[in-house]
Amino acid sequence: DTGVSQNPRHKITKRGQNVTFRCDPISEHNRLYWYRQTLGQGPEFLTYFQNEAQLEKSRLLSDRFSAERPKGSFSTLEIQRTEQGDSAMYLCASSLEWGFGTDTQYFGPGTRLTVL
Amino acid sequence: QKEVEQDPGPLSVPEGAIVSLNCTYSNSAFQYFMWYRQYSRKGPELLMYTYSSGNKEDGRFTAQVDKSSKYISLFIRDSQPSDSATYLCAMSLTGNQFYFGTGTSLTVIP
């Protein structure tokens, strides 16, 4: 078990470009979460998957953001037509089902996005 | 009103001090309460997890949940320089969506 991994670790892009981030959760975890964190703030929930199903999305998630988890394993987060306000750390976390004594989210190291 | 309020600090204490970190929340339905530690440019790391009310102790760390006051606390005894980090509280109703505080920056001075 190598923990949650995220790639790339850093991404610099120009405004208007599309970017895609990848998250590989802990292998037996069926839940996967995406968060965004800006400087001096706590992580802000974006979306959550149970296996391959996207079950919740924050109303803060604009239509430029899309996430997938096609086979219930890794997930991708795509941001289209990036804006400078998208500059942030994008965090992925995974967990087992909640409420059965295994209630722990494990976070990855994050992908730091800078939009110029 | 934000779901979770946390004093951002910064908080600076001498080594060996007892540290008290706190969060308040507005949604009385929250039932999962967590404290995370985050070092600079790293992902958060779970420190303590409590379901519903009560206290939980793990080594030098004690987490308390007071649902009647909508208030949670994390106490760190015998603080060490390695405890210097940002501490985030987080809570959830069902384990689906999590609400984080802004984090409190802590520095333990040797």
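Each remark here, short or long, concerns the structure printed above.
Keep in mind it's a predicted model, so treat the numbers as computed, not measured. (Residues numbered from 1 in each chain as written. Chains lettered and ligands numbered in written order. Predicted model: local features only at pLDDT ≥ 70, side-chain atom pairs only at ≥ 80, totals over all residues. Heavy atoms only, no water.)

**Student:** For this particular structure, what's the right way to read the pairing of strand β6 (residues 53–57) of chain A?
**Tutor:** Strand residues, when the strand is regular, have side chains that alternate between the two faces of the sheet. Residue and element names in this part refer to chain A. Two strands pair when backbone bridges link them, and strand β5 (residues 44–50) and β6 are joined in this way by four bridges, in the antiparallel orientation. Residue pairing for β6: Phe49 is matched across the bridge by Gln54. Following β5, the chain reverses through two residues before pairing antiparallel with β6; Asn51 in that reversal takes a positive phi of roughly 55 degrees. (Pairing = 2+ DSSP bridges. Helix = DSSP H or I, 4+ residues; strand = E, 2+ residues; numbered from the N terminus.)

**Student:** Where do I start with the environment of Gln64(B) in this structure?
**Tutor:** Residue and element names in this part refer to chain B. The topology assignment puts Gln64 in strand β7 (residues 61–66). For Gln64, a relative accessible area of 30% puts it in the partly exposed group. In this structure, the C-alpha to C-alpha distance between Gln64 and Tyr49, residues 15 residues apart in sequence, is 9.9 Å. Setting aside residues up to four positions removed in sequence, Gln64 forms contacts with Gly54, Asn55, Tyr71, Ile72, Ser73 and Phe75. (Buried < 20%, exposed > 50% of the residue type's maximum accessible area, 1.4 Å probe, protein only. Contact = heavy atoms within 4.5 Å.)

**Student:** Can you help me understand the interface of chain B and chain A in this one?
**Tutor:** You'll often see interface size given as the accessible area lost when the parts meet. Residue-level contacts link 20 residues of chain B with 23 residues of chain A. Between chain B and chain A, roughly 1700 Å² of surface is buried when both sides are summed, and carbon and sulfur atoms account for 52% of that area. Taken as a group, Arg41(B), Asn96(B) and Phe98(B) account for 30% of the area that chain B buries against chain A, more than any other trio of residues on that side. At the boundary of chain B and chain A, one finds six residue pairs in polar contact (both at pLDDT 80 or more). Of all the secondary structure elements, the ones that give two or more residues to the side of chain B that touches chain A are β4 (32–38), β5 (45–51) and β10 (98–100) of chain B. Of all the elements, β4(B) adds the most residues to the side of chain B that touches chain A, at four residues. When grouped by side-chain class, the residues that make up the side of chain B that touches chain A number nine nonpolar, eight polar and three charged. (Buried area = accessible area lost by both parts, 1.4 Å probe. Polar contact = N/O pair within 3.5 Å; in protein donor to acceptor, adjacent residues only side chain to side chain. Nonpolar A, V, L, I, M, F, W, Y, C, P; charged D, E, K, R; others polar.)

**Student:** Is there a simple way to explain the sheet that holds strand β1 (residues 4–6) of chain B in this structure?
**Tutor:** Either a parallel or an antiparallel arrangement is found when strands of a sheet pair, and the pairing is made through backbone hydrogen bonds. Residues and elements named next belong to chain B. One open sheet accounts for five strands, arranged β1-β3-β8-β7-β6; its pairing is antiparallel. Strand pairing shows two members of the sheet lacking a second neighbour, β1 and β6 (54–58), which therefore form its edges. When strand polarity is set aside, the average angle formed by the axes of neighbouring strands in this sheet is 15 degrees. In this sheet, β7 lies alongside β6 in antiparallel orientation, the contact comprising five bridges. Of the residues in β7, the one forming a bridge with Lys56 is Ala63. (Axes fitted to C-alpha atoms, helices over the stretch in contact; angles between N-to-C directions.)

**Student:** Before we go on, may I ask you to explain the sheet that holds strand β3 (residues 19–24) of chain A in this structure?
**Tutor:** Residue and element names in this part refer to chain A. Strand order in the open sheet formed by four strands is β1-β3-β8-β7, and the pairing between neighbours is antiparallel. Every other strand in the sheet has two partners, leaving β1 (5–7) and β7 (65–68) as the edge strands with one partner each. When the angles between neighbouring strand axes are averaged without regard to direction, this sheet yields 15 degrees. Pairing geometry for β1 and β3, over three bridges, is antiparallel. Bridging across to β3, Gln6 finds its partner in Cys23.

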